[in-house]
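One-letter residues, chain by chain:
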Amino acid sequence: MLKNVTFGQFFPGDSFLHRLDPRTKLILTFALIVIVFISHGFTGFGVILAFVVFTALSSKISLKFLIRGIRPILFILLFTFVLNAFFQSGGNEIFRLGFLRVTDEGLRTAFFIAARLILLVVCSQMLTLTTSPNSLTDGLETLMRPLKRIHFPVHEIAMMMSIALRFIPTLMDEANKIMRAQMARGADFESGNFIKRAKAMIPLLVPLFVGAFRRAQDLALAMEARCYRGGEGRTRMRQLHYGARDAIAAGAMAALLAVILVLNHFQVV
């Protein structure tokens, strides 16, 4: 399952989306998440999905890779689906299982919430897959710069988020190495029910956390040895500038928002 974690990975490229200003991608990703939440029907979700698929294909990102990133949240999707399907009181009853009853309205809500969660994960993936950690840090820090007036540690927060994203794939690789080493010694992570597999993961988590703390200490010592003092007096090699492609991307997002609002207005399901 660990190899299916794709959040935080970056695919270098020279596509239209890759060349967008990181501030634009951050703002448009937030706008896309808002659009997902304000959409009231499956037709709207279909339009958003088509938009995301077109964006992924134009960025040369494999759809199989995006689908693989959904697998780690399958348990959350299933749990949410069951809760909404069995505990939604409205609508016509389809069948009853003891004191639990499934209605058409409950099934619609269950599918709706599951589709919304999938879209949120895919939209977040597109940001990290097409934006390097350094660019993401620069974009976050620039967008949060007004908060410096209230003495908010803008640079430090942006740096911590960048480091966290950077070490997600590194920790996943280390976890896979530890898992293969323990499987070679007879450990079993695949068979048994969910409880047994969860218990089998405990010997994996201990060395993983120890390695994570060791990496964090090494990084802190390296930054201190290089006289790192936060964002005070710091300059940038790459300056951020908005361009024509950023205006085109903003126009495309505005068009998507207009389509969703029209569908909501006419109550298209």
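Here is what the cut-offs are and how they apply
- Residues numbered from 1 in each chain as written.
- Predicted model: local features only at pLDDT ≥ 70, side-chain atom pairs only at ≥ 80, totals over all residues.
- Heavy atoms only, no water.
- Helix = DSSP H or I, 4+ residues; strand = E, 2+ residues; numbered from the N terminus.
- Buried < 20%, exposed > 50% of the residue type's maximum accessible area, 1.4 Å probe, protein only.
- Patch = residues over 30% accessible without salt bridge, like charges linked within 9 Å, V, L, I, M, F, W, Y side chains within 5 Å.
- Areas by Shrake-Rupley, 256 points an atom, 1.4 Å probe, with all protein chains shown as cover.
- Salt bridge = Lys/Arg side-chain N within 4 Å of Asp/Glu carboxyl O.
- Contact = heavy atoms within 4.5 Å.
- Expected span 1.5 Å × (residues − 1).
- Pairing = 2+ DSSP bridges.

Looking only at helices and strands, the chain has ten helices and two strands in total. Going residue by residue from the N terminus, the α and β elements of the chain occur as α-α-α-α-β-β-α-α-α-α-α-α. Considered along the principal axes of its C-alpha atoms, the chain spans approximately 65 × 55 × 40 Å. Buried residues in the chain amount to 36% of all 269 residues.

Taken together, Phe75, Ile76, Phe79, Leu83 and Phe87 make up a surface patch of nonpolar side chains, about 550 Å² in accessible area. Along the polypeptide, Phe79 turns up in helix α4 (residues 74–86).

Assignment of secondary structure puts Ser39 in the loop between α1 (22–38) and α2 (42–58). Setting aside chain neighbours within four positions, we find Ser39 in contact with Gly44, Phe45, Ile48, Phe112, Arg116, Ile260 and Asn264.

On to α1, then. In this model α1 runs 24 Å from its N-terminal to its C-terminal C-alpha over 17 residues, within 8% of the 24 Å that 1.5 Å per residue would give. The complete set of buried residues in α1 reads Pro22, Arg23, Thr24, Lys25, Leu26, Leu28, Thr29, Leu32, Ile35 and Val36. Packing partners of the buried residues in α1 comprise α2, α5 (104–129), α6 (133–143) and α10 (244–265).

Pairing geometry for strand β1 (residues 93–97) and strand β2 (residues 100–103), over four bridges, is antiparallel. When the bridges of β2 are listed, Arg96 appears paired with Arg101. Taken together, β1 and the strand that follows it, β2, pair antiparallel across an intervening segment of two residues, in which Gly98 is found at a positive phi of about 65°.

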